[in-house]
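Examination of the molecular architecture
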Amino acid sequence: MQLSLVVPCYNEAENVANFQAAVLSAFDGCGYDYEIIFIDDGSRDATLHNLRKLHAAQKCPVKVVSFSRNFGKEAGLYAGLQHAAGEYISLIDADLQQRPEIVREMVQILDEQPEFDVVAAYQDRRGEGKVLSFFKRSFYAIINRLSDVTLQPDASDFRTFRRSVRDSILELCEYHRFSKGIFAWVGYNTKFIPYTACERAAGKTKWSFWKLVNYAIEGIIGYSTAPLRLATFLGGGAGIAAVLYLLWVIFEKLVWGIDVPGYATIIVLILFFSALQLFCIGIIGEYVGRTFEQTKLRPIYIEKEVLDYGTAEETE
Ligand code: UDP
Ligand code: MG
């Protein structure tokens, strides 16, 4: 097997058949030996039903892994990598925003340029609003300052890589998965190529603004312990400010002899420092929570059913 296409699907009933058709036409006549691995991430619509039909038709080798519930795209990618048999592995969305023709280009690059292990696509033109792109830019600026790994802005998880890279990624079996960070962390020579994301063929995106914010926090907490140091700095800074203010109050009293009423000041200071303390406890809590989750050593996903192309029947 030369190439495995790993395709996470969550409520993509209308897209999966078109997706396969697009792959078939993109790879038509190129002589590549490839398989498509669909991961049904606990979809609530007819995705699994439609995937079964594709699996039964076997127009090309199709494997279907079905989860017991929705575990998220990162878990889907992990499962896909575990099942992938190809020498090259490609991660691509089911919604046809990422064209399979680009996968062919990526494969060609890996064939012709052995010095590269990964070909990653980044979006060269963003169709999104100014506010969102401002937040995204800020996120990359912050995380690249704080963490040891460097994330390429706009690089998506639309990428193709060699089997050795897949093996390395699978070794990172953390429960909270942040693939942008994982790709950067494992290293390897990566070639970035621009691509223009198409409109979603059907269905809705699963990302809302708040989901993106949470995803960004996930990335920062997962790849840096710098926020923990923030508490130390804030505490130190506040301490110094408090001493200076104390000196000023004493000075005022001695020179002008005014008894400052100071009620408002006290209230503001109490509120401010209570907030600061809660904020810092919150940061610590984020790390403790993740440590707790990881120590449970739960599986990243649970397979309910696997349809392999070797057997027409269901395994497991
Ligand atoms: N996806 C998934 N599980 C989820 C959410 C999304 O497997 O919980 C899949 C989805 O079906 C699609 C891909 O991940 O194939 C990207 O999702 P989406 O198109 O919503 O993201 P966007 O392209 O808007 O970033
Ligand atoms: Mg999409």
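Described below are features of the structure shown in this document. (Residues numbered from 1 in each chain as written. Chains lettered and ligands numbered in written order. Predicted model: local features only at pLDDT ≥ 70, side-chain atom pairs only at ≥ 80, totals over all residues. Heavy atoms only, no water.)

Read across the open sheet, the eight strands follow the order β7-β5-β6-β4-β1-β2-β3-β8; overall the sheet is mixed. Strand pairing shows two members of the sheet lacking a second neighbour, β7 (190–195) and β8 (303–307), which therefore form its edges. Between one strand axis and the next, the sheet turns by 20° as a mean value, whatever way the strands run. Sheet topology note: the strand β2 (residues 34–40)/strand β3 (residues 62–67) ladder contains five bridges and is parallel. When the sheet's bridge partners are listed, F38 is paired in β3 with V64. Packing against the sheet, helix α2 (residues 47–57) makes contact with β1 (3–9), β2, β3 and β8, and its axis sits at approximately 155° to β3. Across the sheet, helix α6 (residues 163–171) is in contact with β4 (88–91), β5 (118–123) and β6 (155–162); its angle to β6 comes to roughly 120°. (Pairing = 2+ DSSP bridges. Helix = DSSP H or I, 4+ residues; strand = E, 2+ residues; numbered from the N terminus. Axes fitted to C-alpha atoms, helices over the stretch in contact; angles between N-to-C directions. Contact = heavy atoms within 4.5 Å.)

Surrounding ligand 1, one finds 16 residues, the nearest of these being E12, D41, D95, Q97 and T205. A distance of 2.6 Å separates a nitrogen atom of ligand 1 from a polar side-chain atom of D41. A94 places a polar main-chain atom, nitrogen or oxygen, 3.0 Å from an oxygen atom of ligand 1. The protein chains hide 85% of the 530 Å² of surface that ligand 1 would expose on its own. (Near = heavy atom within 4 Å. Polar contact = N/O pair within 3.5 Å; in protein donor to acceptor, adjacent residues only side chain to side chain. Areas by Shrake-Rupley, 256 points an atom, 1.4 Å probe, with all protein chains shown as cover.)

For the rest of this paragraph, the subject is the packing of helix α9 (residues 226–255) against helix α10 (residues 263–295). Where α9 meets α10, the closest approach of the two axes is 9 Å, and the angle between their N-to-C directions is 165°. Between α9 and α10, the angle is such that the two are roughly antiparallel. Here α9 runs over α10; the crossing is left-handed. For the pair α9 and α10, the contacting residues are P227, L228, L230, A231, L234, A238 and Y245 in the first and T265, F273, L276, F279, C280, I283, I284 and Y287 in the second. (Parallel < 35°, antiparallel > 145°, perpendicular 65-115°, else oblique. Left-handed = near helix turned anticlockwise from the far one by under 90°.)

Another aspect to go through is the pattern of salt bridges. Applying the stated rule across the entire model yields 10 salt bridges. One network of salt bridges, in which partners are shared, links K73, D93 and D157. (Salt bridge = Lys/Arg side-chain N within 4 Å of Asp/Glu carboxyl O.)

Attention shifts here to the pairing of β5. Examined bridge by bridge, β5 and β6 share four bridges and lie antiparallel to one another. Directly across from A120, in β6, lies its bridge partner R159. Where β5 meets β7, six bridges bridge the pair, whose relative direction is parallel. Pairing of A120 across the sheet is with F192, part of β7.

Attention now moves to empty space enclosed by the protein. A full pass over the atoms with the stated rule returns one cavity of 30 Å³ or more. The space that makes up the largest cavity amounts to roughly 80 Å³. For the largest cavity, the full set of lining residues is E74, L77, Y78, L81, L91, I169, R177, S179, I182 and F183. Looking at the lining of the largest cavity, the elements that each hand over two or more residues are α3 (73–83) and α7 (179–186). For the lining of the largest cavity, the element with the most residues is α3, which contributes four residues. (1 Å grid on protein atoms, 1.4 Å probe; cavity = no way out; pocket = protein on both sides within 12 Å on 5 of 7 lines; lining within 4 Å. Points joined across faces, edges and corners; volume = space filled by probe spheres on them.)

The phi dihedral of N11 is positive, around 55°, even though this residue is not glycine. Within the fold, N11 resides in the loop between β1 and α1 (16–26). One non-glycine residue with positive phi stands out, namely L96, at about 65°.

Of the two faces of β4, the one lined by Y88 and S90 and the one lined by I89 and L91 are each fully buried. Here β1 pairs with β4 via four bridges, running parallel. Paired with L3 across the strands is Y88, a residue of β4. The pairing of β4 with β6 spans four bridges and is antiparallel. The residue bridging L91 from the neighbouring strand is R159, located in β6. (Buried < 20%, exposed > 50% of the residue type's maximum accessible area, 1.4 Å probe, protein only.)

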